[in-house]
Amino acid sequence: MTYEIITKNVEETTAFAVHLSGHLMPGDVIALEGDLGAGKTAFTKGIAKGLGITRNVNSPTFTIIKEYKGRLPLYHMDVYRMEDEEEDLGFDEYFMGEGVSIVEWAHLIENQLPVEILHIHIYHHENNSRRLVFSPAGKRYEDLCKEIFK
Ligand code: ADP
Ligand code: MG
C-alpha cells in the first residue's frame, strides 16, 4: 500500500512534514528519495520545525550526518557523496537510537538500512508542485501512514 499527496509549493511540503513529525517516535527511520531539488532537505526542515528544532537545518552533504536537539533528537543524513556504500559510519547506532533518522538518497546505502522503514519519494510535478509518495515497510510505518493520511 502506498499513500500520496501533492503539494503546490514548499510551504505545503513543510506543513505536511510538520504534520508527520507530530506522529514520530524514537527510533523511527525515514528514507528520502528524489532528484536534486525535489525537496528532500525542505521536507527535513519541516520535520525539524515540527520537532521544535530552532537551529537551521541545511544539507549535510559534506558531513554526511548531522544531529539536532528537539522534542526528539533528529539525525539528518545525506549519503549522496559517500564513496563506498558499504562504509559503516555507525548508521545502526542512529537508526536504533532515541531520535528520528532521516536519510537523503537512502538507496545509496541500501544494504545498511533497517528492514522496517518509511520510504518517501518526492517527484517533480507540474509547476512548483511535488508528488510525495509514501511506501511504508513494516507495521509501525503502515500504522503511521494510516494515521497521517486519514
Ligand atoms: P533536495 O534536498 O531534494 O535536493 P531541496 O529541498 O534542497 O531539494 O530543494 C528544493 C527546492 O525546491 C527548494 O528551493 C524549495 O523552495 C523548492 N520548492 C518549490 N516547490 C516546492 C514544493 N512543492 N515542495 C518542496 N520544495 C519546493
Ligand atoms: Mg538535499
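Quick caveat: nothing in here was measured; it's all calculated off a predicted structure.

Enquirer: Can you walk me through the overall build of the chain in this structure?
Expert: The secondary structure content of the chain amounts to four helices and seven strands. With respect to the principal axes defined by its C-alpha atoms, the chain has extents near 35 × 35 × 30 Å. Looking at the 150 residues of the chain, the share that counts as buried comes to 47%. Considering only contacts in the chain between residues 6 or more positions apart, those separated by 24 or more positions represent 62%. When the accessible surface of the chain is summed, it comes to about 7900 Å², and 50% of that surface belongs to carbon and sulfur atoms. The average position of the 15 basic charges and that of the 24 acidic charges among the side chains of the chain differ by 10 Å.

Enquirer: When you look at the site of ligand 1 in this model, what are you seeing that I'm missing?
Expert: Within the structure, ligand 1 sits among 16 residues, and Thr 13, Gly 37, Lys 40, Thr 41 and Ala 42 are positioned closest to it. Contacts to ligand 1 include Thr 13, whose side-chain N or O atom sits 2.6 Å from a nitrogen atom. A distance of 3.0 Å separates an oxygen atom of ligand 1 from a polar atom in the backbone of Gly 39. Looking at the shell around ligand 1, the elements with two or more residues in it are helix 1 (10–21) and helix 2 (40–50). Among the elements that line the shell around ligand 1, the one with the most residues is helix 2, at three residues. Along the lines of polarity and charge, the residues of the shell around ligand 1 split into four nonpolar, seven polar and five charged.

Enquirer: I would appreciate a short explanation of the coordination of the magnesium ion (ligand 2) in the present structure.
Expert: The reference angle at a metal is 109.5 degrees if four donors form a tetrahedron and 90 or 180 degrees if six donors form an octahedron. Coordination of the magnesium ion (ligand 2) by the protein is provided by Thr 41 (OG1) and Glu 104 (OE), with metal-donor distances spanning 2.2 to 2.3 Å. Taken together, the residues span a long stretch of sequence, with Thr 41 in helix 2 and Glu 104 in strand 5 (residues 100–104) at a distance of 63 residues. Side by side, Thr 41 and Glu 104 carry an identical accessibility label, which is buried.

Enquirer: Would you explain the sheet that holds strand 1 (residues 3–7) in this entry?
Expert: One open sheet holds the seven strands; their spatial order is 1-7-6-2-5-4-3, and the pairing between them is mixed. At either margin of the open sheet sits one strand with a lone partner, and together these are strand 1 and strand 3 (65–68). In this sheet, neighbouring strand axes are inclined to one another by 20 degrees on average, regardless of whether the strands run parallel or antiparallel. Pairing between strand 2 (residues 29–33) and strand 6 (residues 117–124): four bridges, direction parallel. What sits directly across from Glu 33, in strand 6, is His 121. In the packing of helix 1 onto the sheet, contacts are made with strand 1, strand 2, strand 6 and strand 7 (130–137), and the angle to strand 1 comes to roughly 140 degrees. Strand contacts of helix 4 (residues 139–148): strand 1, strand 2, strand 6 and strand 7, with the helix running at about 140 degrees to strand 7, the strand carrying the most contacts.

Enquirer: What is the right way to look at the packing of aromatic side chains in this model?
Expert: Here a ring pair, both rings aromatic, is described through the centre-centre distance and the interplanar angle of the planes. In total, this model carries eight aromatic pairs according to the counting rule given. Ring centres 6.4 Å apart and planes at 65 degrees place the aromatic pair Phe 43 and Phe 134 in the edge-to-face group. A residue pair is termed long-range when its members are at least 10 positions apart, and Phe 43 in helix 2 and Phe 134 in strand 7 qualify at 91 residues. This pair shows no difference in class: Phe 43 is buried, exactly as Phe 134 is.

Procedures and definitions
Residues numbered from 1 in each chain as written. Chains lettered and ligands numbered in written order. Predicted model: local features only at pLDDT ≥ 70, side-chain atom pairs only at ≥ 80, totals over all residues. Heavy atoms only, no water. Helix = DSSP H or I, 4+ residues; strand = E, 2+ residues; numbered from the N terminus. Buried < 20%, exposed > 50% of the residue type's maximum accessible area, 1.4 Å probe, protein only. Contact = heavy atoms within 4.5 Å. Areas by Shrake-Rupley, 256 points an atom, 1.4 Å probe, with all protein chains shown as cover. Lys, Arg positive; Asp, Glu negative; His and termini not counted. Charge placed at Lys NZ, Arg CZ, Asp CG, Glu CD. Near = heavy atom within 4 Å. Polar contact = N/O pair within 3.5 Å; in protein donor to acceptor, adjacent residues only side chain to side chain. Nonpolar A, V, L, I, M, F, W, Y, C, P; charged D, E, K, R; others polar. Donors = N, O, S within 2.8 Å, 3.2 Å for Na, K, Ca; no water. Pairing = 2+ DSSP bridges. Axes fitted to C-alpha atoms, helices over the stretch in contact; angles between N-to-C directions. Phe/Tyr/Trp six-rings, centres within 6.5 Å; stacked < 30°, edge-to-face > 60°.

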